[in-house]
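# Structural overview
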Amino acid sequence: MASDLAVHVTGLRKRYRDKPALDGFDLDVPAGTVHGLLGPNGAGKTTAVRVLATLLRADGGKAFVAGYDVARQPAVVRERIGLVGQHAAVDEVLGGRDNLVMFGRLFHLGKREAGRRADHLLERFGLADAGGKPVKQYSGGMRRRLDLAASLILRPAVLFLDEPTSGLDPRGRNEVWAAVRALVADGTTVLLTTQYLDEADQLASRISVLDHGRVVAGGTPDELKSRIGGDRIDVIVRADADLVAAAAVVKGIAEGEPEIDPDNRRVSAPVRDRVAALTEVVRVLDTRGIAVEDIALRRPTLDEVFLRLTEVPDERES
Amino acid sequence: MSGSREATVLTTTVDERRATERPQAQQLKWALADGWTITLRDLKHWAAQPWQIVFGLLFSVMLVLMFGYLFGGAIEVPGGGNYREFLLPGMFALTMLFGLEATYTAVTTDADRGVTDRFRAMPMAGSAVVMGRASADMLNSMLTLAAMVACGLAVGWRWHEGVGATLAAFGLLLLLRFALLWLGIWLALVLRSPEALMALQILVWPLGFLSNVYVAPQTMPGWLGTLAEWNPLSATVAAARELFGNPGWGGDSWVAQHSILMAFLWPAVLTAVFFPLSVRAYRRLSR
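Residues numbered from 1 in each chain as written. Chains lettered and ligands numbered in written order. Predicted model: local features only at pLDDT ≥ 70, side-chain atom pairs only at ≥ 80, totals over all residues.

An unreviewed UniProt entry annotates chain B as Transport permease protein of Phytohabitans flavus.

Below is the structure:
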């Protein structure tokens, strides 16, 4: 086992009564990086994090966190990890500061040290003014930041974030993202699970795509995007009636079968030589008299990669 | 600890030793400290929501007034005494029974919000979570009992058998609460749903009424009366009445004759069953 791996997992298996949740899950996360674990609901993301955070015992395979076996030395692992689950796991009745002091005491800090650490973390996460207020009165983003702060009391080597922004509004999401970026700057290793592709794109340096309990693809966000070809061209027509004609034009020039999105009057297809393709599409559309609202070249989104890799029927509109 | 000779111990070795060879005294010390931290958390809840305590107490007071004055007139007390003299020990025991709901709610709320998971992923003593819950709930029950006693004294209830017997009666009441604590924790860990509280109430109320608290089991249909007499609550209530010197129903059955013994035995049995079950359920969270 390489010593610079903060998380090292081989062949992890976990079965619930009716179905396997993890089915030969492998993962290596180098120290000091952010790794995204991406997958649809039920792919096994949360199970993986729960095993790594010593909350769940695996049926088979090996998992090391910060160099320690989670099954054999859970107590040592617990001194080195932080966990932010899907709900803000803080006491709603107590104030933010009281929460942090309580968790600090449970981490066996002295009374004064726990107080100092609480004040420092409140300051750092922009909660200093709200420290005395009961958490009940906090916004979603504030709760998550407090949750994050509570996970960082012992300065963990590895931090697990299980869908840290689920249920947050865009503003809360940005708050949490900023907090995570700051952590990474400090050298904390982060394992992040998410269903939001832009979240993985924004935060993670490497991504593992999880489906049916195993990793189906991995790499940097850019590598994953290039998996389904290079650039794409999007054509948005002005009139619904022109959609089929525009698709025919694009098909003649593009690399593959164009995708038609009637709701947005958009035709989308992969292209090889971006500038030549763009010029040609504009010229042919013009000669055929098809009125166009917008034409753009772009990289594929992670959504497209994700849907391709996990073969989920395309249900969402973007 | 024999590691002092190894001058250059790797950090991992030190850590492993810390984890595996932590002296037991040290472990116990931390378990107690952690338990106290969790207890303190509940005490802070009271301070943060004093009205919740007040409403809880008012509810108990209301029950005393309602049964003492509203229904009390219709019920004849054996020996022709004051119904409230008779009623109060039963109300004390009911309060202990209702504590079950408080325990259940506290444990499921923590589990539901992920607080239990946070505790479990921390290097704290696992037993501390339960110990803290137990001590906080017992403190809460003592407070409620004290308020009920004050209320009872105000409506004419008295103890008549001296300090020793009186304290013994309170002890038996708290013993029942202690036993029900484990039932509450076990139910919470098994059901894991704050919403199931309603179902629990449907269970708890009949348990409260199918007893000797309000009426004599002898007046119930045969099998129901037997059930009421064997209800753990009835044992505690009958024992408390005897020890306080308050009027009771008496009864010829073996259970009715040995209420003080049963008031020890029932909680002991409940604890012996549900304490290990709670520990097991807590461990099974990692399954």
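Looking now at the overall build of chain A. Counting secondary structure elements, chain A contains 11 helices and 14 strands. With respect to the principal axes defined by its C-alpha atoms, chain A has extents near 80 × 45 × 35 Å. When each of the 318 residues of chain A is scored for burial, the buried share is 48%. (Helix = DSSP H or I, 4+ residues; strand = E, 2+ residues; numbered from the N terminus. Buried ≥ 20, exposed ≤ 12 C-beta atoms within 10 Å, placed from the backbone.)

What follows concerns the confidence of the model for chain B. Residues and elements named next belong to chain B. Chain-level pLDDT for chain B is 85 on average; 92% of the residues reach the 70-or-more range. Across chain B, element-level confidence peaks in helix α7 (residues 162-191) with a mean pLDDT of 94 and bottoms out in helix α1 (residues 11-20) with 45. Within the model, pLDDT remains below 50 along residues 1-19, and this stretch shows 11 contacts once partners closer than five positions in the same chain are excluded. ipTM for the predicted complex: 0.81, alongside a pTM of 0.80. (pLDDT = per-residue confidence, 0-100. Contact = placed C-beta atoms within 7 Å.)

Attention now moves to the UniProt feature "transmembrane region" (unreviewed entry) in chain B. Within the UniProt annotation, "transmembrane region" (unreviewed entry) is assigned to residues 53-74, 86-107, 143-160, 166-189, 196-215 and 260-279 of chain B. End C-alpha to end C-alpha, residues 166-189 of chain B measures 35 Å, and it is 100% helix and 0% strand. (UniProt positions renumbered as here; feature names shortened; annotations may be inferred.)

A separate point is the interface of chain A and chain B. Chain A puts 26 residues into the contact, and the matching count from chain B is 24 residues. Per-element accounting of the side of chain A that touches chain B gives the leading share, 4 residues, to helix α3 (residues 96-106) of chain A.

Turning next to α7 of chain B. Over its 30 residues, α7 of chain B runs 44 Å from end to end, which matches the ideal 44 Å to within 8%, given 1.5 Å per residue. At the C-terminal side of α7 of chain B, R192 of chain B shows a positive phi close to 55°. (Expected span 1.5 Å × (residues − 1).)

Next up on the list: the environment of H120 of chain A. All names here are of chain A. By secondary structure assignment, the location of H120 is in helix α4 (residues 111-124). On the basis of neighbour count, H120 is assigned to the partly exposed category, with 15 C-beta atoms found within 10 Å. As for H120 and A149, which are separated by 29 residues in sequence, their C-alpha atoms are 9.5 Å apart.

Let us look at the packing of helix α6 (residues 126-154) of chain B against α7 of chain B. Residues and elements named next belong to chain B. Close contact between α6 and α7 brings their axes to 10 Å; oriented N to C, the two are set at 140°. The orientation of α6 with respect to α7, classified from their angle, is oblique. Between α6 and α7 the crossing geometry is right-handed. Facing α6, whose interface residues are V130, R133, A134, D137, M138, S141, M142 and L145, α7 presents F170, L173, L174, R177, F178, L181 and I185. Residue composition of the contact of α6 with α7, by class: 11 nonpolar, 1 polar and 3 charged. (Axes fitted to C-alpha atoms, helices over the stretch in contact; angles between N-to-C directions. Parallel < 35°, antiparallel > 145°, perpendicular 65-115°, else oblique. Left-handed = near helix turned anticlockwise from the far one by under 90°. Nonpolar A, V, L, I, M, F, W, Y, C, P; charged D, E, K, R; others polar.)

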